[in-house]
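Coordinates in review
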Amino acid sequence: MIKIEDIKPGNSYAAKFKVETMLDTYGRIPGLSDTPLAGVGMYEGLGVLLARDVDKRLVELQDEKSKKKFVVSFDDIWDVDDIDWVEPLESQDGTETSKQATST
């Protein structure tokens, strides 16, 4: 694993994170479903790092499941690792189905 202070600008990284946010009754970030909201709670996810502010000790991440962006403290991220982007998957008819990233 890599320390957040040691990441190099221009490279791609992902990290596990926790953030206090609105959750549905299943503990998920609300989406387009009609699942009732449970209230504010702690959410943990895996996100791609978008920006880092060393002076304020904050990072912006995009959650892989919900695609929502969060700003979290250095203290609320762990397992920082570099990622290699791979080509989108193709379905049987040759159309793209999703993008993937892998952790090295």
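Here's what I pulled together on the structure shown here. (Residues numbered from 1 in each chain as written. Predicted model: local features only at pLDDT ≥ 70, side-chain atom pairs only at ≥ 80, totals over all residues. Heavy atoms only, no water.)

1. Section: the environment of Trp 85
- Relative to the helices and strands, Trp 85 is located in strand S5 (residues 77-90).
- Sequence separation between Trp 85 and Ser 12 is 73 residues; the distance between their C-alpha atoms is 8.4 Å.
- Separated by 3.0 Å, the side chains of Trp 85 and Ser 12 make a polar contact. (Helix = DSSP H or I, 4+ residues; strand = E, 2+ residues; numbered from the N terminus. Polar contact = N/O pair within 3.5 Å; in protein donor to acceptor, adjacent residues only side chain to side chain.)

2. Observations concerning the pattern of salt bridges
- Going through the model one piece at a time under the given rule, you end up with five salt bridges.
- Arg 57 is the partner of Glu 5 in a salt bridge, and the nearest nitrogen-oxygen pair spans 3.3 Å. In this pair, Glu 5 is assigned in the segment before strand S1 (13-24) and Arg 57 in the loop between strand S2 (37-53) and strand S3 (58-63), connecting sequence segments 52 residues apart.
- Accessibility expressed as a relative area gives 38% for Glu 5, which makes it partly exposed.
- Judged by relative accessible area, Arg 57 falls into the partly exposed class, the value being 36%.
- Note that Asp 24 and Arg 28 form a salt bridge whose closest N and O atoms lie 3.0 Å from each other.
- Look at Asp 24 and you get buried, because its relative accessible area is 3%. (Salt bridge = Lys/Arg side-chain N within 4 Å of Asp/Glu carboxyl O. Buried < 20%, exposed > 50% of the residue type's maximum accessible area, 1.4 Å probe, protein only.)

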